[in-house]
Amino acid sequence: MDQLLIIADEALLRERTAWLSTLAAERRLSENTLEAYERDTRQFLTFLTGHLAAPARLKDIGDLRPADLRGFLAARRRDGAGARTLGRGLAGLRSFLRHLERKGMANAAGAAAIRSPKQPKSLPKPLTDSQALSVVGTDAQLADEPWISVRNAAVLTLLYGCGLRISEALSLTPDDFAGAPGSLRITGKGGKTRIVPLLDAARRGVEDYRRLCPYPLAADGPLFRGARGGPLQAAIIQREMQKMRGALGLPDSATPHALRHSFATHLLAGGGDLRTIQELLGHASLSTTQVYTGVDSARLLEIYDKAHPRA
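Residues numbered from 1 in each chain as written. Predicted model: local features only at pLDDT ≥ 70, side-chain atom pairs only at ≥ 80, totals over all residues. Heavy atoms only, no water.

**Focus on the overall build of the protein chain**
Of regular secondary structure, the protein chain possesses 16 helices and 2 strands. Each of the 311 residues in the protein chain was classed as buried or not, and the buried ones make up 42%. A separation of at least 24 residues holds for 59% of the contacts in the protein chain among residues at least 6 apart in sequence. Split by element, the accessible area of the protein chain, about 17,000 Å² in all, is 52% carbon and sulfur. (Helix = DSSP H or I, 4+ residues; strand = E, 2+ residues; numbered from the N terminus. Buried < 20%, exposed > 50% of the residue type's maximum accessible area, 1.4 Å probe, protein only. Contact = heavy atoms within 4.5 Å. Areas by Shrake-Rupley, 256 points an atom, 1.4 Å probe, with all protein chains shown as cover.)

Structure representation (structure tokens):
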């Protein structure tokens, strides 16, 4: 705290402490996020003190201009901070300024007007073939009731076998399976409808679930139900996947959405063309699908590095 007393007056520090306490108590941010926000705002106050040649005051925060914030981001960039770090720092400052604005001590419009640093695109992280197959099996499910284990396996099989988003799988109705044999009607983003092939394994998984489900399933109602009979929530499947990561020794990147990535990557590795994969995934633009070529190339290079005698 002694260092902070040099870079800001007591009133500003009290408000900063109150803001961090609010984030912890009301928004329940993780400890790592709170530490990062504390560090980011401390660095900003240090910058502002140097910028003003005097310890920062609440009035100085109230008088901030977009140019001051851009100057801080530029200084952090010169110190080696990357786009993700800068983006998180700007998010923290916006949150702090909104806290002060609610008390009539500052105007957060200047921070809101600054565009966040463009984030580098990261490659999707698919599972290997064996990992994906282990996840979708009924035996891998850890639910207490058999019908729930079968339900979870059916949902995960649809994500991997049909490349669905979890929201698409959970919005399915029994009517969506009433089309041509071996096909499934999907309503995706923006209400757009597409038809995808329905693998026998996925069809059998859904049939097993429907046979064991203890609740009546209306033709036009939600297919997948929670333990009390309401529509199944995505958070439940995400929690089950988290349990399986520990049980099966899978990486943290093994999420329900990673099964959709695995569907696309494994199709591409098996000779599927981008246009077809685009249609199956429901991507509006081919450029969105092209990210999987980077995944496949990275995988090939990894295999090369491990196997080639001159690598």
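**A closer look at empty space enclosed by the protein**
Scanning the entire structure with this criterion turns up 1 cavity of 30 Å³ or more. Here the largest cavity defines a volume of roughly 40 Å³. In terms of lining residues, the largest cavity is bounded by Asp40, Gln43, Phe72, Leu73, Arg76, Thr85, Leu86, Gly89 and Leu90. Elements with a minimum of two residues in the lining of the largest cavity: helix H3 (31–52), helix H5 (66–78) and helix H6 (83–102). With 4 residues, H6 is the single largest residue contributor to the lining of the largest cavity. Partitioning the lining of the largest cavity into residue classes produces 4 nonpolar, 3 polar and 2 charged. (1 Å grid on protein atoms, 1.4 Å probe; cavity = no way out; pocket = protein on both sides within 12 Å on 5 of 7 lines; lining within 4 Å. Points joined across faces, edges and corners; volume = space filled by probe spheres on them. Nonpolar A, V, L, I, M, F, W, Y, C, P; charged D, E, K, R; others polar.)

**A look at the environment of Ile61**
Take Ile61: it is sitting in helix H4 (residues 58–62). As for Ile61 and Leu12, which are separated by 49 residues in sequence, their C-alpha atoms are 8.6 Å apart. Look past the residues within four positions of Ile61 in its chain and what remains in contact with it is Leu12, Phe44, Leu45, Leu48, Leu97, Leu100 and Ala106.

**Concerning the packing of aromatic side chains**
Counted by the stated rule, this structure contains 7 aromatic pairs. Ring pairing ties together the aromatic residues Trp147, Tyr209, Tyr215 and Phe224, which thus form one cluster. Across from the ring centre of Trp147, 5.7 Å away, lies the NZ or CZ of Arg151, which sits over that ring. (Phe/Tyr/Trp six-rings, centres within 6.5 Å; stacked < 30°, edge-to-face > 60°. Lys NZ or Arg CZ within 6 Å of the ring centre and 35° of its normal.)

**Here's the deal with the pairing of strand E1 (residues 183–187)**
Judged from the 5 bridges that link them, E1 and strand E2 (residues 193–197) form a sheet pairing that is antiparallel. Residue pairing for E2: Thr187 is matched across the bridge by Thr193. In textbook terms, the turn of a hairpin is the stretch between consecutive antiparallel strands, and for E1 and E2 this stretch comprises 5 residues, one of which, Gly190, has a positive phi near 70°. (Pairing = 2+ DSSP bridges.)

These values are about where atoms sit, not about what they do.
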